[in-house]
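Chain by chain, the residues:
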Amino acid sequence: MLSRVANSLYWMSRNIERTESNARVLRNQLIQILEASAEETLAQHDWDMVLEICTSFEELENIKENNKLEERYIINYLACSKENQNSFMNCIHIARENAKISRDHLPDDLWGIWNDFYLSVEGLRKGSLSKRDIHDYLNRIKLATLTAQGAIESSMSRGIAYRFIKIGKWLERAEKTARILNVVCNHSNEDGEEVHRNNYYNWRAALQALNGYEAYLKSHPPTMDPKLILSFLITDESFPRSIRYCINHVRESISEIEGGKISHYSKEIFAALDELGEEFNEMKIKELNLDELSDFLDYFQNRCNDIGKIFSETYYLIEPMESKE
Amino acid sequence: MFKPYKTEPFYDEMLKSNGGPRKHYTNFHQILQQFSEEELKEKHETAQLSFLRQGITFTVYNENISTERTMPFDFIPVIIPPRDWKKIEKGMIQRTEALNLFLEDIYHEQNILRDGIIPRELIEENPYYYHQQMQGINIPLKNHIFLAGIDLIRDEQGEYHVLEDNLRNPSGMAYVFQNRFVMRQVYPEFFENHSIHTLEHQMPYMHDAVLSHIPPNSESANSPTAVLLTPGMYNSAYYDHVFLAQQMGIELVEGRDLLVKDKLVYMKTIHGLKRVEIIYRRIDDDYLDPVSFRKDSTLGVPGLLEAYQEGNVAILNGIGNGVADDKAIYAFVPDIIRYYLKEDPIISNVKTYQLREPDQREWVLEHLQELVVKNVGASGGYDMLVGPHASEEQIELFRKKIIEEPHQYIAQPTIKLSRAPSFQNARFYPCHVDLRVFVIRGSETHVLPGGLSRVALKEGSLVVNSSQGGGGKDTWVLKGNGSDPSC
């Protein structure tokens with residue numbers, strides 16, 4: 001397969017996944033704030049977290065500096081801002097551009113679903129949404145991303161194109177999970193006085209943001225113990241957004257692409273994956289205090305990002321495609 | 001409800017001059033009567049939406065802003081009876097064969113120039129004559145024309161004429177397939193009681209034809225790697241490229257995916273470099289290789305021409321085909337056919353005045369308001385004067401242009417292009433149509449049954465190009481032995 005095509009499939013998939021997960025974070029937030037008044041500092045901090053998860057710490061600072069930290073602005077920034085590279089609209093657009101240049105490798109249905117979705121979110125492109133609009137869009141994003149995944153799973157041969165799509169998805173997930181845990185962990189440390197209540201709240205938000213709340217409750221008590229949640233989201237082997245699950249599947253897929261062999265050019269990526277795997281084998285999350293956890297998560301998030309880079313180098317992929325309008 | 005209209009002074013594809021349907025349209029006409037305008041309007045919208053959803057669009061640029069547009073689809077097909085089709089098919093095979101012999105001759109012995117059939121300066125002054133790059137090069141199968149798109153029109157008697165040859169990068173084949181696809185999806189009722197040549201089995205011909213162009217220094221003559229080279233997703237014909245690559249199962253590559261090393265062409269894959277031996281390119285000659293052609297081309301592949309000259313790669317269509325399909329050479333194609341094949345043309349040309357010739361120029365300048373004037377180097381309906389529809393200023397502008405650069409223009413009588421009924425904006429009206437026939441040449445020559453019927457949807461307009469408001473129609477070639485009367 002051409003590297004350029006592999007690259008497009010990979011970034012298409014990452015951007016579909018990013019659309020889905022960022023939309024979920026915003027949806028949860030919109031539900032959460034229903035019960036809090038706008039004045040409550042708690043709510044303010046929540047928006048900090050949302051922005052840090054969906055964009056970056058720098059962008060959050062930037063927004064604060066320019067005095068724009070208000071709900072309506074943030075929602076539009078997350079949903080349809082052109083400046084925000086990770087706004088839903090940009091992710092949907094980048095995914096479509098990438099699908100368009102690799103569409104001879106995609107099932108027609110998948111292209112059809114995403115193109116149709118893109119054409120139907122005209123409102124997002126125009127910007128400035130009402131609260132009702134945003135709920136409607138969040139729902140449509142959820143359905144479109146799930147449908148797209150369904151088309152991939154039900155109609156694609158398990159060949160190289162499929163593997164690159166899946167690897168993109170899992171790497172995006174692993175990075176996102178690491179980021180969410182990191183952000184939540186930092187905020188839980190800061191909150192001082194109201195530690196208990198906030199922790200409960202923040203860690204539940206982490207589970208929800210990763211769509212793991214239901215799965216967690218199946219095997220754990222509903223008390224939100226940070227250590228149990230961390231070990232669930234990092235090391236659980238069956239939950240499809242845990243870091244271990246994602247990294248294992250990335251490794252498996254690369255191994256499929258390489259026909260089970262490790263060659264000189266693929267040595268580095270396998271080594272990096274194995275190293276990260278061992279990291280959480282040895283780890284006893286329960287023994288770390290919150291400060292140590294925070295350092296660990298920093299390191300961990302960086303390693304996840306590195307794996308994405310090494311993967312790109314291994315297959316001559318290029319850095320994120322610039323969005324062109 | 002469909003009602004007949006006055007057909008004169010044009011030939012109508014569907015109606016006789018008394019308003020009744022031609023024999024090969026009887027069935028269709030009958031089914032058409034059963035639909036209300038409301039139903040047809042609904043179907044029309046479904047059809048347009050289907051093109052948009054599938055992303056079958058072309059990109060229009062306006063002040064640097066690109067918009068994706070669909071080509072309007074009109075559901076009333078152009079139906080061609082077997083006898084007419086047989087003749088077209090033969091005519092197209094004959095014409096492309098002669099044009100190919102012409103190209104081979106021009107880039108080798110140039111007998112046709114020596115024998116004085118064609119004025120030498122017409123070749124040597126042609127900007128698409130790539131003497132330096134192509135002279136004396138032996139190419140696979142001696143075939144310069146892998147895919148030709150020949151545009152046909154019908155005069156008031158319904159006689160077919162060739163309007164234009166496209167031997168460089170004819171586009172539109174994907175639309176032939178998609179028009180049929182949408183027609184079958186949205187208008188299944190109309191196929192009842194018709195027996196039509198299917199398009200389902202056409203792609204293997206195209207695929208075989210691509211693979212038959214094995215370069216002299218091939219390392220894998222049994223399974224050469226072929227690719228389709230596209231300028232990329234911002235090209236207006238990008239959908240065409242995607243479709244053909246996908247249907248033939250060959251890799252769709254951009255210039256940046258290829259590189260030339262030691263005069264061999266490779267593509268960059270996730271597992272390193274892979275040799276490429278056949279390139280069906282959809283990039284124009286000028287942009288193909290910045291080393292040998294335009295230096296500023298970022299679409300091409302440096303060193304590609306050298307690999308080609310060395311016999312390490314086949315390039316389809318051949319380089320330098322523009323010397324055979326511009327509007328100045330067009331006038332000589334009947335002579336070309338007689339010269340190489342010793343046959344008379346089966347499908348004739350439209351009468352063409354050479355403005356280089358003082359006598360003809362004189363006459364043309366006096367009759368501009370009756371004529372169509374075209375720039376020999378332009379296509380897509382640009383730099384063209386349609387005399388009967390032109391203003392006084394436009395005519396004067398072209399008079400000046402002709403006097404300044406007479407060799408740059410030709411003139412033709414305004415052909416009364418045939419019409420077919422169309423249904424747009426919830427009403428029926430007659431529109432002018434033409435037909436692009438696709439000829440696929442490899443070890444064997446194959447003509448795609450039907451082709452792309454283009455329709456000028458603006459009432460009274462003669463310009464069918466999609467960039468200027470033209471649309472498409474499905475084209476049905478009826479099955480039969482060819483002995484039935486055509487109408």
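Residues numbered from 1 in each chain as written. Chains lettered and ligands numbered in written order. Predicted model: local features only at pLDDT ≥ 70, side-chain atom pairs only at ≥ 80, totals over all residues. Heavy atoms only, no water.

(A) Looking closely at the overall build of chain A. Scanning chain A from terminus to terminus reveals 15 helices and zero strands. With 325 residues in all, chain A has 58% of them scored as buried. Restricting to contacts in chain A with at least 6 residues of sequence separation, those with at least 24 account for 69%. Carbon and sulfur atoms form 48% of the exposed surface of chain A, whose accessible area is close to 14100 Å². (Helix = DSSP H or I, 4+ residues; strand = E, 2+ residues; numbered from the N terminus. Buried < 20%, exposed > 50% of the residue type's maximum accessible area, 1.4 Å probe, protein only. Contact = heavy atoms within 4.5 Å. Areas by Shrake-Rupley, 256 points an atom, 1.4 Å probe, with all protein chains shown as cover.)

(B) Looking closely at the domain arrangement of chain B. Domain annotation of chain B identifies domain 1 (1-195 + 322-350 + 415-487), domain 2 (216-312) and domain 3 (351-413). For domain 2 of chain B versus domain 3 of chain B, the distance between C-alpha centres works out to 38 Å. (Domains from an automatic or database assignment.)

(C) A look at the pairing of strand β11 (residues 278-281) of chain B. All names here are of chain B. Residues Ile278 and Tyr280 point to one face of β11 and Ile279 and Arg281 to the other, with burial holding for every one of them. As paired strands, strand β6 (residues 226-230) and β11 are joined by four bridges and run parallel to one another. Across the sheet, residue leucine 228 finds its bridge partner in β11, namely tyrosine 280. As judged from the three bridges shared by β11 and strand β12 (residues 314-316), these two strands associate in the parallel manner. Within the sheet, the bridge partner assigned to tyrosine 280 lies in β12 and is leucine 316. (Pairing = 2+ DSSP bridges.)

(D) Main features of helix α8 (residues 131-155) of chain A. Its 25 residues place the ends of α8 of chain A 36 Å apart at the C-alpha level, agreeing with the 36 Å of an ideal helix rising 1.5 Å per residue. Those residues of α8 of chain A not exposed but buried are Ile134, Tyr137, Leu138, Ile141, Ala144, Thr145, Ala148, Gln149, Ala151 and Ile152 of chain A. (Expected span 1.5 Å × (residues − 1).)

(E) Highlighting the sheet that holds β12 of chain B. Residue and element names in this part refer to chain B. Ordered by their spatial adjacency, four strands build an open sheet running β7-β6-β11-β12, and the pairing between neighbours is parallel. The open sheet terminates on both sides in strands that have one partner only, identified here as β7 (251-254) and β12. The sheet shows a mean angle of 30° between the axes of neighbouring strands, direction not considered. Relative to the sheet, helix α8 (residues 203-211) contacts β6, β11 and β12, its axis offset from that of β11 by approximately 125°. (Axes fitted to C-alpha atoms, helices over the stretch in contact; angles between N-to-C directions.)

(F) Region of interest: the packing of helix α7 (residues 173-186) of chain B against helix α9 (residues 238-248) of chain B. Residues and elements named next belong to chain B. Contact geometry for α7 and α9: axes closest at 8 Å, N-to-C directions at 75°. In terms of orientation, α7 and α9 fall into the roughly perpendicular class. Within the contact between the two elements, α7 uses Met173, Ala174, Tyr175, Phe177 and Gln178 and α9 uses Tyr239, Asp240, Phe243 and Leu244. Partitioned by chemical class, the residues of the contact of α7 with α9 number seven nonpolar, one polar and one charged. (Parallel < 35°, antiparallel > 145°, perpendicular 65-115°, else oblique. Nonpolar A, V, L, I, M, F, W, Y, C, P; charged D, E, K, R; others polar.)

(G) The nonpolar core, seen in detail. Phe75 and Phe190 of chain B are the most contacted members of the largest nonpolar core, which totals 238 residues. Looking at which element gives the most residues to this core, the answer is helix α9 (residues 160-190) of chain A, with 14 residues. Each of domain 1 (1-195 + 322-350 + 415-487) and domain 2 (216-312) of chain B contributes no fewer than three residues to this core. Those residues in contact with phenylalanine 190 of chain B that lie beyond four places of it in its chain are Phe28, Ile31, Leu32, Phe35, Leu40, Phe75, Met183 and Trp476 of chain B. Within the second largest apolar cluster, 13 residues are counted, among which are Val364, Leu365, Leu371 and Tyr409 of chain B. (Core = buried A, V, L, I, M, F, W, Y, C linked by side-chain atoms within 4.5 Å.)

(H) Broad picture of helix α12 (residues 226-235) of chain A. All names here are of chain A. The buried fraction of α12 amounts to seven of the ten residues, a majority that puts the element mostly inside the structure. Listing the buried residues of α12 in full gives Pro226, Ile229, Leu230, Ser231, Phe232, Leu233 and Ile234. The opening residue of α12 is aspartate 225, an N-cap whose side-chain oxygen sits 2.9 Å from the backbone nitrogen of lysine 227. (Polar contact = N/O pair within 3.5 Å; in protein donor to acceptor, adjacent residues only side chain to side chain.)

(I) Main features of the pairing of strand β5 (residues 160-166) of chain B. Residue and element names in this part refer to chain B. In terms of burial, β5 is largely enclosed, as seven of its seven residues are buried. When strand β4 (residues 147-154) meets β5, the two strands line up antiparallel, connected through six bridges. Across the sheet, the residue bridging to aspartate 151 is glutamate 164, located in β5. Turn length for the β4-β5 hairpin, with the two strands adjacent in sequence and antiparallel, is five residues, and the turn residue glycine 158 shows positive phi of about 85°.

(J) Region of interest: the interface of chain A and chain B. At the junction of the two partners, chain A supplies 30 residues and chain B supplies 25 residues. Summing the contributions of chain A and of chain B, the shared interface buries around 2300 Å²; its carbon and sulfur component is 50%. Seen at the junction of chain A and chain B, the total is three salt bridges. Taken together, the connections running from chain A to chain B amount to 16 residue pairs in polar contact (both at pLDDT 80 or more). (Buried area = accessible area lost by both parts, 1.4 Å probe. Salt bridge = Lys/Arg side-chain N within 4 Å of Asp/Glu carboxyl O.)

(K) Region of the structure containing empty space enclosed by the protein. All names here are of chain A. Applying the stated criterion across every chain yields a total of six cavities of 30 Å³ or more. Along the walls of the largest cavity sit 15 residues, with Val25, Gln29, Met49, Val50 and Ala205 positioned nearest its centre. For the lining of the largest cavity, the leading source of residues is helix α10 (residues 195-209), giving five residues. Class assignment for the residues of the lining of the largest cavity results in ten nonpolar, four polar and one charged. The computed volume of the second largest cavity comes to approximately 90 Å³. If you go around the second largest cavity, the residues you meet are Met12, Ser13, Ile16, Glu17, Ala148, Gln149, Ile152, Glu153, Ile165, Lys166 and Lys169. The residue inventory of the lining of the second largest cavity, partitioned by class, reads five nonpolar, two polar and four charged. (1 Å grid on protein atoms, 1.4 Å probe; cavity = no way out; pocket = protein on both sides within 12 Å on 5 of 7 lines; lining within 4 Å. Points joined across faces, edges and corners; volume = space filled by probe spheres on them.)

(L) Structural context of the sheet that holds strand β17 (residues 409-413) of chain B. Residue and element names in this part refer to chain B. Taken together, four strands build an open sheet; the order of strands is β14-β17-β15-β16 and the sheet is antiparallel. Lying at the two open borders of the sheet, with one neighbouring strand each, are β14 (353-354) and β16 (384-386). With three bridges connecting them, strand β15 (residues 371-375) and β16 associate as antiparallel partners. Bridging from a neighbouring strand, valine 372 pairs with valine 386 of β16. Here helix α16 (residues 392-404) sits on the sheet in contact with β15, β16 and β17, set at roughly 135° to β16.

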